[in-house]
Amino acid sequence: MNTTESQLIDGFGRKIDYIRLSVTDRCDFRCVYCMAEEMQFLPRAKILSLEELTTLSEAFVELGVKRIRLTGGEPLVRQGMVGLIEHIAALPGLDEVTLTTNGSQLHRLAQPLADAGLKRLNISLDSLKAERFAALTRRDKLADVLNGIDHAVAAGFERIKLNAVIMKGRNDDEVLDLLHYAQDRGIDISYIEEMPLGTISEHDRKEVYCSSDEVREIIQQQQDLLPSAEVTGGPSRYFRTPGRNTRVGFISPHSHNFCSSCNRLRITAEGQLLLCLGRENAVDLRGLMRRYPGEKERLKQAIRDAVQHKPEQHLFAQDDAPQVLRFMNMTGG
Ligand code: SAM
Ligand code: SF4
């Protein structure tokens, strides 16, 4: 295989070396910005099997993908994740496999995941107040999540990062508390602007919109933020706070368009290859794998062809109704 064959370059010259693979649409939480209270989940037969997830991962790594992030839904409510991660972590050519989780299962899975070769872990945490956490996730599970984070810190991952979606009037008064919580544990934190994915009725997204610049100002009233050139393969812009190990990231799909450097593809739990989070362009890889089982070359060619159609940029606009009706748990955040 020559180098060009083993690289995915899209029609705009962007090298694709990062995939986010959703392993389930199911979740034990119902975060207000992500899901409706009542959700209809996919029948199991429509979800990629563990074998299909393995085949897909192998195909992407053979095409030059260096990082795979497993997400969902809640990946750790699916059986077999430790084994899948162990297999993916051992693929030659892959730099790392990472996972995004709500933390609810980490009290039992943090150590097995670390032992399986998982290096980095993202844990979502929007509030340190039990009642508020219950309102935001619609589940009264803060104690479990904090316990899970303690287990993760003890398990010896290379890096752990908290992800906090910040919303005005909901949790913007906890920006500093969350930062202190991360700093006390020597872990990273990224603040995320809410994205207009899926029609939700719980709140008006425009009213709660809190820009990354506003979050930065809150932090800078108390601590210096030193710009850092570090990148982790994702869209975060990073800063450091003096004297602390914690990196502070901002994921700002609204206020800072990062499409021009987009290096990623997403695969939904149903095996749809999404070329852009904010658009509907998709290719049915599950259908292909089921029609032609074992034909990895055909799969790889379909991926190469699809990448040529990756759009130049997404279409999010704060004032508009969501153009994307999929819920975040379907796409894999
Ligand atoms: N269940 C796992 C979790 O919550 O970490 C993984 C999947 S979740 C969809 C991945 C990330 O997407 C979480 O950090 C979550 O906060 C974020 N997320 C979900 N819906 C979002 C939205 N509408 N805007 C911004 N971030 C969102
Ligand atoms: Fe579940 Fe994660 Fe969505 Fe919350 S953000 S409902 S934990 S998938």
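Relevant structure appears above.
Structural notes, computed from the coordinates. The numbers attached to residues start from 1 for each chain and follow its sequence in the written order. Chains carry letters from A onward and ligands carry numbers from 1 onward, assigned in written order. Given that the model is predicted, a residue must reach a pLDDT of at least 70 before its local features are reported, and side-chain atom pairs must reach 80 or more before they are shown or counted; all residues, however, enter totals for whole chains, interfaces and linings. Excluding hydrogens and water, the side-chain figures rest on all heavy atoms present in the structure.

## With respect to unusual backbone geometry
Short version of the rule: Note on conventions: DSSP H or I runs of at least 4 residues are helices, E runs of at least 2 residues are strands, and numbering of each starts at the N terminus.
Positioned with a positive phi, Arg138 is a non-glycine residue whose angle comes to about 60 degrees. By the secondary structure assignment, Arg138 is in the loop between helix H4 (130-137) and helix H5 (142-155).

## Quick notes on the sheet that holds strand E8 (residues 188-192)
To be explicit about the condition: Whether two strands pair comes down to DSSP finding at least two bridges between them. Two residues qualify as a contact provided that any one of their heavy atoms is within 4.5 Å of a heavy atom in the partner residue. Axis definition: a line fit to C-alpha positions, over the contact stretch in the case of helices; interaxial angles, taken between N-to-C directions, run 0 to 180 degrees.
Overall, mixed pairing links the 12 strands, which are arranged E9-E10-E11-E8-E7-E6-E5-E4-E3-E12-E13-E14 in an open sheet. One side of each edge strand has no neighbouring strand; the edge strands of this open sheet are strand E9 (226-227) and strand E14 (282-284). Two elements, strand E10 (residues 237-240) and strand E11 (residues 247-251), share 4 bridges in a ladder whose sense is antiparallel. For Phe239, the partnering residue across the bridge sits in E11 and is Val248. Running over the sheet, helix H8 (residues 212-220) touches E8, E10 and E11 and is turned about 155 degrees from E11.

## Brief notes about the site of ligand 2
What counts, and what does not: By convention in these notes, a residue is near a molecule or strand provided one of its non-hydrogen atoms lies within 4 Å of it. Residues are sorted three ways: Asp, Glu, Lys and Arg are charged, Ala, Val, Leu, Ile, Met, Phe, Trp, Tyr, Cys and Pro are nonpolar, and all the rest, Gly among them, are polar.
Around ligand 2, the structure places Cys27, Phe29, Arg30, Cys31, Cys34, Met35, Gly73 and Asn102. In the shell around ligand 2, the residues fall into 5 nonpolar, 2 polar and 1 charged.

## Here's the deal with the packing of aromatic side chains
Threshold: Within 6.5 Å between ring centres, the rings of Phe, Tyr and Trp (the latter by its six-membered ring) count as paired, and their orientation is classed by plane angle as stacked under 30 degrees, edge-to-face over 60, tilted in between. Think of it in three bands: residues with accessible area under 20% of the maximum for their type are buried, residues over 50% are exposed, and the middle band is partly exposed, with areas taken using a 1.4 Å probe on protein chains only.
Following the criterion strictly, the structure yields 3 aromatic pairs and no others. With a centroid separation of 5.9 Å and 90 degrees between ring planes, the pair formed by Phe29 and Phe133 is classed as edge-to-face. With Phe29 in the loop between strand E3 (18-22) and helix H1 (50-62) and Phe133 in helix H4, this residue pair connects regions lying 104 residues apart in the sequence. A relative accessible area of 4% places Phe133 in the buried class. Ring centres 5.8 Å apart and planes at 25 degrees place the aromatic pair Tyr191 and Phe250 in the stacked group. With a gap of 59 residues between them, Tyr191 in strand E8 and Phe250 in strand E11 connect regions that are remote in the sequence.

## Overview of the site of ligand 1
Rule in force here: Polar contact criterion, stated in full: a pair of N or O atoms within 3.5 Å, where within protein one must be able to donate a hydrogen and the other to accept it, and residues adjacent in sequence count only if both atoms are side-chain atoms. Each accessible area is a Shrake-Rupley result for a 1.4 Å probe, and residues are judged covered by the shown protein chains and nothing else.
Tyr33, Gly73, Glu74, Ser124 and Met195 are the nearest of the 19 residues found near ligand 1. Between Thr101 and ligand 1, the recorded distance is 3.1 Å, taken from a backbone N or O atom to an oxygen atom. Coverage of ligand 1 by the protein chains reaches 95% of its 540 Å² of free accessible surface. At the level of secondary structure, the elements contributing two or more residues to the shell around ligand 1 comprise strand E5 (96-101) and strand E7 (159-165).

## Here we look at the nonpolar core
Which entries qualify depends on this criterion: To qualify as a nonpolar core, a set must consist of buried Ala, Val, Leu, Ile, Met, Phe, Trp, Tyr and Cys residues joined through side-chain atoms within 4.5 Å.
Core analysis: the biggest nonpolar cluster contains 88 residues, and Phe60, Leu70, Phe157, Tyr191 and Ile219 have the highest contact counts within it. Looking at this core, the element that brings in the most residues is helix H6 (residues 175-185), giving 6 residues. Not counting residues within four places of it along the chain, the set of residues in contact with Ile219 comprises Val175, Leu176, Leu179, Tyr191, Leu225, Val248 and Phe250.

## Some thoughts on the environment of Ser22
In this structure, Ser22 sits in strand E3. You can call Ser22 buried: its relative accessible area is 1%. Sequence separation between Ser22 and Ile47 is 25 residues, and the spatial gap between their C-alpha atoms is 9.6 Å. Reaching out from Ser22, the side chain makes a polar contact with the backbone oxygen of Thr24 at a distance of 3.2 Å.

## Quick word on helix H3 (residues 106-115)
Which entries qualify depends on this criterion: The arc in question is the one spanned by the directions pointing from the helix axis to the C-beta atoms.
Here H3 has its buried residues at Leu106, Leu109, Ala110, Leu113 and Ala114. Buried positions in H3, seen along its axis, are confined to an arc of 130 degrees and lie on one side of it. The secondary structure elements touched by the buried residues of H3 are helix H2 (81-89), E5, strand E6 (120-124) and H5. Immediately beyond the C-terminal end of H3, within one or two residues, lies Gly117, with a positive phi of roughly 110 degrees.

## Quick notes on empty space enclosed by the protein
To keep things clear, this is the line we draw: In this analysis, the protein atoms alone were mapped onto a 1 Å grid. Cavities are point sets where a 1.4 Å probe fits without being able to get out; pockets are open sets with protein on both sides within 12 Å along at least five of seven lines; lining residues have an atom within 4 Å of a point. Grid points are joined across faces, edges and corners, and a volume is the space filled by probe spheres set on the points.
This structure, assessed with the given rule, holds 2 cavities of 30 Å³ or more. Each pocket or cavity is described by its volume, and for the second largest cavity that value is around 50 Å³. Lining the second largest cavity are Arg120, Leu121, Asn122, Arg159, Ile160, Lys161, Asp188, Tyr238 and Arg247. Sorting the residues of the lining of the second largest cavity by element identifies E6 and E7 as the ones contributing at least two each. Residues belonging to the lining of the second largest cavity are distributed by class as follows: 3 nonpolar, 1 polar and 5 charged.

## Things to note about the side chain of Asp188
The residue Asp188 is located in strand E8 in this model. With a relative accessible area of 2%, Asp188 lands in the buried category. Contacts of Asp188, omitting those with residues within four sequence positions, involve Arg159, Ile160, Lys161, Leu162, Ala182, Asn245, Thr246 and Arg247.

## Structural notes on the pattern of salt bridges
Let me state the cut-off plainly: Salt bridges are counted wherever a side-chain nitrogen of Lys or Arg sits within 4 Å of a carboxyl oxygen of Asp or Glu.
Counting across every chain of the model gives 20 salt bridges. Linking Asp150 and Arg185 is a salt bridge whose minimum nitrogen-to-oxygen distance equals 3.9 Å. Taken as a pair, Asp150 in helix H5 and Arg185 in helix H6 lie far apart in primary sequence, 35 residues in all. Taking the shortest distance from any N to any O, the salt bridge between Glu202 and Arg170 comes out at 3.0 Å. Here the residue Glu202 occupies a position in the loop between E8 and helix H7 (205-208), and Arg170 occupies one in the loop between E7 and H6, the gap between them amounting to 32 residues. Since its relative accessible area comes to 32%, Glu202 is described here as partly exposed. The network of salt bridges with shared partners includes Glu58, Glu62, Lys296, Glu297 and Lys300.

None of the figures reported here should be taken as evidence of function without further support.
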